[in-house]
Amino acid sequence: MIDNRSGKGLSFVRRIYLPRIIGLGIGLFSVMAAIAPLNPPQWTWALLLFNGLLWPHLAYQWALRSATPYQAEQRNILLDSLMGGFWTAAMHFNPLPSVTILSMMTMNNVAAGGKRVLVRGMLAQLAGMLLASALLGTGVQPQATQLQVLACLPMLTLYPLALGWVCYQLAIKLAEHKRRLSALSRTDSLTGLLNHGSWKDLLLLKFQICQQQRLPAVIALIDIDHFKTINDTYGHVVGDCVLRQLSQELKRNLREDDLAGRYGGDEFCVILPGTHEAQACQAMERLREHVGAYRNPQLPDLRISLSIGLADFRPDLASPEHWLEQADKALYAAKHQGRDQVNFARGEAATLRLAYPD
């Protein structure tokens, strides 16, 4: 629901505030020029000044302090329409001011809520016309004077500009919101890296590129050694900190084009495009050493080590799953041979321990 105290309800109230100030403020002159020749009672002038100058601020505070701001603002919009109908009948349906007032309010209703608010607003306008006719009598003022034409010009120019600006700002915010949602759907919430599905999609894409263009590439599977023991010993909060620490080291040590993701649990994955065997081994050995050097002053006994399996792209690979399987076998070999090491997939897995200066 959007009618709450801390979400789109409040933003909706704030979005309506400026157009209402501008619309009712300059609409005031159109109505004044139209009703002046009719010599209306004094209370009409007081009501007109209240509606044009005070109501926008009262409506804003009323909705802002409401328990359901969105619903309160919908009510305010109906009251705007009611008063628009009231002033249309009060100036005896003078063509230009009437069309100006009603069309601008109709435009606002469509922008605020589409068809539903449009229909409710038209009914409110009709109710306002009936109320004004009952209080002030009926009549028709078919001719618009030059003063009335001039009084309508600000409404016809400034209000659409203000409403268009608000709609433009809303479109910008929606585009940014959509971009953020798209990014969130592709990333792991804990580490900020690509999630499992997004990384697998990119793996397929990189596999196809390597096939078509015969480009080198390496994928790495990274496993935190004895991660369950870390969780059991220090708790899941510390375990989450370890996962974040590894993700930060990945971001610091990898190139911009390298694609790192969280494959699941304590397992991470990296695509290293344009990379040969020696380069990949050096990069992963550097990562392993940096993570192994991490110390937490509050947990002096905590040690982190990584087992890493690497597999390069080969033209004879049948699928990206087969490529990933090779890296998984290399990872298994690294763990089987003592952990805390980098292993490159070959016919028979062999451990590579390369010294790489920082």
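Residues numbered from 1 in each chain as written. Predicted model: local features only at pLDDT ≥ 70, side-chain atom pairs only at ≥ 80, totals over all residues. Heavy atoms only, no water.

Student: I keep staring at the overall build of the chain and nothing clicks. Help me out?
Tutor: Assigned secondary structure in the chain consists of 10 helices and 6 strands. Radius of gyration (C-alpha) of the chain: 34 Å, far over the 21 Å computed for a compact globule of 358 residues. Over its C-alpha atoms, taken along the principal directions, the chain stretches across nearly 100 × 50 × 30 Å. Scored against the burial criterion, the 358 residues of the chain give a buried share of 44%. Pairs at least 24 residues apart make up 72% of the contacts formed inside the chain by residues separated by at least 6 positions. In the structure as shown, the chain presents an accessible area of about 18,500 Å², 61% of it carried by carbon and sulfur atoms. Across the chain, the mean location of the 34 positive side-chain charges is 12 Å away from that of the 28 negative side-chain charges. (Helix = DSSP H or I, 4+ residues; strand = E, 2+ residues; numbered from the N terminus. Rg over C-alpha atoms; globule rule 2.2 N^0.38 Å. Buried < 20%, exposed > 50% of the residue type's maximum accessible area, 1.4 Å probe, protein only. Contact = heavy atoms within 4.5 Å. Areas by Shrake-Rupley, 256 points an atom, 1.4 Å probe, with all protein chains shown as cover. Lys, Arg positive; Asp, Glu negative; His and termini not counted. Charge placed at Lys NZ, Arg CZ, Asp CG, Glu CD.)

Student: Where do I start with the packing of helix α2 (residues 42–64) against helix α3 (residues 69–90) in this structure?
Tutor: How two helices sit against one another is set out by the angle between their axes and by the gap between those axes. Following both chains from N to C, one finds α2 and α3 inclined at 165°, their axes separated by 10 Å at the closest point. Taken as axis vectors, α2 and α3 run roughly antiparallel relative to one another. Crossing geometry of α2 relative to α3 is assigned as left-handed. Facing Trp43, Thr44, Leu47, Leu48, Asn51, Trp55, Ala59, Trp62 and Ala63 of α2, the residues of α3 in contact are Pro69, Ala72, Glu73, Arg75, Asn76, Leu79, Asp80, Met83, Phe86 and Trp87. Each residue belonging to the contact of α2 with α3 can be placed in one class, and the counts come to 13 nonpolar, 3 polar and 3 charged. (Axes fitted to C-alpha atoms, helices over the stretch in contact; angles between N-to-C directions. Parallel < 35°, antiparallel > 145°, perpendicular 65-115°, else oblique. Left-handed = near helix turned anticlockwise from the far one by under 90°. Nonpolar A, V, L, I, M, F, W, Y, C, P; charged D, E, K, R; others polar.)

Student: Could you clarify how one ought to interpret the confidence of the model for the chain in this entry?
Tutor: Low pLDDT means the predicted atomic positions in that stretch should not be read closely. Confidence along the chain averages 86 in pLDDT terms, with 93% of residues attaining 70 or more. The model gives residues 1–6 a pLDDT under 50, and that stretch makes 19 contacts with residues more than four places away or in other chains. Below a pLDDT of 50 lies the segment residues 347–358, which in the model reaches 32 contacts outside its immediate sequence neighbourhood of four places, other chains included. (pLDDT = per-residue confidence, 0-100.)

Student: Before we go on, may I ask you to explain the UniProt feature "transmembrane region" (unreviewed entry) in the chain in this structure?
Tutor: On the UniProt side, "transmembrane region" (unreviewed entry) is annotated at positions that read residues 21–38, 44–64, 76–97, 117–137 and 149–171 here. Helix and strand shares over residues 44–64 are 100% and 0% respectively, and the end C-alpha atoms of the span are 28 Å apart. With 95% helix and 0% strand, the stretch residues 117–137 has end C-alpha atoms that lie 28 Å from each other. (UniProt positions renumbered as here; feature names shortened; annotations may be inferred.)

Student: What should I look at first to understand the packing of aromatic side chains in this one?
Tutor: For any pair of aromatic rings, the description consists of the separation of the ring centres together with the inter-plane angle of the planes. A complete count under the given rule lists 8 aromatic pairs for this structure. Measuring from centroid to centroid gives 6.4 Å for Trp55 and Trp62, while their planes differ by 80°, and the two rings are edge-to-face. Centre to centre, the rings of Phe207 and Trp323 are 6.2 Å apart; their planes meet at 45°, and the pair counts as tilted. Of the two residues, Phe207 sits in helix α6 (residues 196–213) while Trp323 sits in helix α10 (residues 320–336), which places them 116 residues apart along the sequence. Accessibility expressed as a relative area gives 0% for Trp323, which makes it buried. An aromatic cluster of at least three residues, connected via ring pairs, comprises Phe207, Phe313 and Trp323. (Phe/Tyr/Trp six-rings, centres within 6.5 Å; stacked < 30°, edge-to-face > 60°.)

Student: Sorry if this is basic, but what is going on with the nonpolar core here?
Tutor: Ile222, Ile224, Leu246, Leu250, Met284 and Leu310 are the most contacted members of the largest nonpolar core, which has 30 residues in total. The residues contacting Ile224, other than those within four sequence positions of it, are Ile230, Val242, Leu243, Leu246, Asp266, Phe268, Ile304, Ser305 and Leu306. (Core = buried A, V, L, I, M, F, W, Y, C linked by side-chain atoms within 4.5 Å.)

Student: Could you clarify how one ought to interpret helix α4 (residues 95–136) in this entry?
Tutor: Given 3.6 residues per turn, any residue in an α-helix points the same way as the ones three and four places further on. With 42 residues, α4 extends only 18 Å from end C-alpha to end C-alpha; this falls clearly short of the ideal 62 Å at 1.5 Å per step. Along α4, the sharpest kink reaches roughly 135°, centred on Gly113. Trailing α4 by a residue or two, Gly137 shows a phi angle of about 85°, which is positive. (Expected span 1.5 Å × (residues − 1). Bend = angle between axes of the 7 residues up to and from the residue.)

Student: It is not clear to me how a nonpolar patch on the surface should be interpreted in this structure. Could you clarify?
Tutor: Together, Leu49, Phe50, Leu53, Leu54 and Leu58 line one region of the surface with nonpolar side chains, adding up to about 440 Å² of accessible area. Looking at the element boundaries, Phe50 is found in helix α2. (Patch = residues over 30% accessible without salt bridge, like charges linked within 9 Å, V, L, I, M, F, W, Y side chains within 5 Å. Salt bridge = Lys/Arg side-chain N within 4 Å of Asp/Glu carboxyl O.)

Student: Help me understand the environment of His336 in this model?
Tutor: When you line up the elements, His336 lands in helix α10. Here the alpha-carbon distance between His336 and Ser307, two residues 29 residues apart in the chain, equals 9.7 Å.

Student: How do you make sense of the pattern of salt bridges when you look at a structure like this?
Tutor: Here the idea is simple: oppositely charged side chains can pair when their charged atoms come close. Per the stated rule, a full pass over the model turns up 11 salt bridges. Members of the salt-bridge network, linked through shared partners, are Arg20, Glu73 and Asp80.

Student: Even after reading the chapter, I still don't get the pairing of strand β4 (residues 306–312), so can you show me in this structure?
Tutor: Within a regular beta strand, the side chains point alternately toward one face of the sheet and then the other, so they alternate between its two faces. With respect to burial, β4 is a largely interior element, 6 of its 7 residues being buried. Where β4 and strand β5 (residues 341–344) come together, 4 bridges link them in parallel fashion. When the sheet's bridge partners are listed, Ile308 is paired in β5 with Val342. Where the polypeptide runs from β4 across α10 and back to β5, its parallel neighbour, the crossover connection is left-handed. (Pairing = 2+ DSSP bridges. Right-handed = clockwise from strand over helix to strand, strands pointing away.)

Student: It is not clear to me how the environment of Thr88 should be interpreted in this structure. Could you clarify?
Tutor: Along the chain, Thr88 falls in helix α3. Take Thr88: its relative accessible area is 1%, and that puts it in the buried class. Between the C-alpha atom of Thr88 and that of Leu203, which follows or precedes it by 115 residues, the distance is 65 Å. Apart from the residues lying within four places of it in its own chain, the contact partners of Thr88 are Phe93, Ser98, Leu102 and Met129. Side-chain polar atoms of Thr88 contact the backbone oxygen of Gly84, separated by 2.8 Å. (Polar contact = N/O pair within 3.5 Å; in protein donor to acceptor, adjacent residues only side chain to side chain.)

Student: When you look at unusual backbone geometry in this model, what are you seeing that I'm missing?
Tutor: For residues other than glycine, phi is negative in most cases, and the peptide bonds are mostly trans. Here the phi dihedral of Arg214 falls at roughly 55°; this positive angle occurs in a residue that is not glycine. Position of Arg214 relative to the elements: it lies in the loop between α6 and β1 (217–224). Even without a glycine there, the phi angle at Asp340 is positive, about 55°. For Asp340, the position within the fold is in the loop between α10 and β5.

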